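Fold and contact review
Here are the chains, one letter per residue:
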Amino acid sequence: MTITRFVLNEQSKYPESLGDFSILLNHIVLGCKFVCSAVTKGEEQKKLDVLSNEVFIKALVSSGRTCILVSEEDDEATFVEPSGRGRYCVVFDPLDGSSNIDCGVSIGTIFGIYMVKDGHEPTLNDVLQPGKNMLAAGYCMYGSSCMLVLSTGSGVNGFSLDPSLGEFILTHPEIKIPKKGKIYSVNEGNAINWDGPTAKYVEKCKFPEDGSSAKSLRYVGSMVADVHRTLLYGGIFLYPADKKSPNGKLRVLYEVFPMSFLMEQAGGQAFTGKQRALDLVPRKIHERSPIFLGSYDDVEEIKALYNAEEKKE
Ligand SMILES: O=P(O)(O)OC[C@H]1O[C@](O)(COP(=O)(O)O)[C@@H](O)[C@@H]1O
């Protein structure tokens, strides 16, 4: 099952979009293939970020199906010319984890798709929507293999790029994250600035009080790689707020939302420290938010610690 066929089958869920949805997804796939080959060729770091952004902007505009594009690389949103405009908004990080390129660690592209409400001139409000309104989300990981993980709202599927065919093949159908995991993933270098519930949770991971075995720490420092492992093996990935960055580091629209959408679709959950991540309503396109996502039971534990903290206040 190639991703092209899979997307065409998915298309049947959106008869009203007359094929637009699959055309858009196929242009995103094309962008991922292009970036995958550029990453594999190992061009200079600076250039790869910019190159990836140009590739996706071009691919998305040339699809003729988009109207607003929000990229991690661009300060302002891109409004597509009316003549070449469609009804989809795409939010994306063309190359996430870029600080890892030089050492060949896995990096990736992250994307989310919204649809503008009918009958009005597209505005920023069409992207400043809660994550739960997304139609689809995914990431493409450029590592030992190139893998595209996608959800169009009914489950999560993983496709591996077969270089001999130049096509993504369905290798991980209906990914379900384990209900509880043995791994926690966080930059402990920030521990000195963590709030109470986060510090307590990580302490419990290391020194469990219920006699269960301690969790293992795994942290690549590339969100796509850390979330991909969490999705397949279970456990929890967290980038909490801290005294230095009260809103955490990761951006809501093109990092937190797409990964939270995938986690929920795979049976996990995503929490901000205050609420379900997908219920957030961003006010700015590059807004940041703390995030705790992964296996259902592991995220439940940290939710309980934050709720207890809230009750104390
Ligand atoms: O180095 P830190 O603070 O742990 O941050 C790592 C996080 O930052 C990121 O690299 C995002 O930052 P960039 O957008 O600058 O690439 C994520 O992929 C990763 O989860």
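Analysis parameters
Residues numbered from 1 in each chain as written. Predicted model: local features only at pLDDT ≥ 70, side-chain atom pairs only at ≥ 80, totals over all residues. Heavy atoms only, no water. UniProt positions renumbered as here; feature names shortened; annotations may be inferred. Helix = DSSP H or I, 4+ residues; strand = E, 2+ residues; numbered from the N terminus. Rg over C-alpha atoms; globule rule 2.2 N^0.38 Å. Buried < 20%, exposed > 50% of the residue type's maximum accessible area, 1.4 Å probe, protein only. Contact = heavy atoms within 4.5 Å. Areas by Shrake-Rupley, 256 points an atom, 1.4 Å probe, with all protein chains shown as cover. Lys, Arg positive; Asp, Glu negative; His and termini not counted. Charge placed at Lys NZ, Arg CZ, Asp CG, Glu CD. Near = heavy atom within 4 Å. Polar contact = N/O pair within 3.5 Å; in protein donor to acceptor, adjacent residues only side chain to side chain. 1 Å grid on protein atoms, 1.4 Å probe; cavity = no way out; pocket = protein on both sides within 12 Å on 5 of 7 lines; lining within 4 Å. Sits in = over half its atoms within 2 Å of the grid points. Nonpolar A, V, L, I, M, F, W, Y, C, P; charged D, E, K, R; others polar. Domains from an automatic or database assignment.

Under an unreviewed UniProt entry, the name given to the chain is Fructose-1,6-bisphosphatase, cytosolic, and the organism recorded is Populus tomentosa. According to the UniProt record, the Sequence similarities (unreviewed entry) comment for the chain is "Belongs to the FBPase class 1 family." What UniProt states about the chain under its Subcellular location (unreviewed entry) heading is, verbatim, "Cytoplasm".

1. Points about the overall build of the chain
Of the regular secondary structure elements, the chain holds seven helices and 13 strands. Against the 2.2 N^0.38 benchmark of 20 Å for 313 residues, the chain shows a C-alpha radius of gyration of 19 Å, consistent with a compact globule. Judged by the C-alpha coordinates and their principal axes, the chain covers about 60 × 45 × 40 Å. Counting across all 313 residues of the chain, residues that qualify as buried make up 55%. The contacts of the chain with a sequence gap of at least 6 include a subset with a gap of at least 24, amounting to 64%. Accessible surface, the chain: about 13,600 Å² in total, of which carbon and sulfur atoms supply 54%. Between the centroid of the 34 positive side chains of the chain and the centroid of its 40 negative side chains there is a distance of 3 Å.

2. Here's the deal with the UniProt feature "domain: Fructose-1-6-bisphosphatase class 1 C-terminal" (unreviewed entry) in the chain
When the UniProt feature table is mapped onto this chain numbering, "domain: Fructose-1-6-bisphosphatase class 1 C-terminal" (unreviewed entry) sits at residues 177–306. Annotated as residues 177–306, this span is 36% helix and 12% strand, and its ends, taken at the C-alpha atoms, are 23 Å apart.

3. Description of the site of the ligand
Neighbouring the ligand are 15 residues, the closest being Asp96, Tyr219, Met223, Tyr239 and Arg251. A distance of 2.6 Å separates an oxygen atom of the ligand from a polar side-chain atom of Tyr219. When the ligand sits alone it has 470 Å² of accessible area, and the protein chains cover 81% of it. When atoms are counted within 2 Å of each cavity's grid points, the one that captures over half of the ligand is the second largest pocket. Those elements giving two or more residues to the shell around the ligand turn out to be β3 (88–96) and β11 (236–239). Across the shell around the ligand, the residue classes break down as four nonpolar, five polar and six charged. Both of domain 1 (3–172) and domain 2 (183–312) provide at least three residues apiece to the shell around the ligand.

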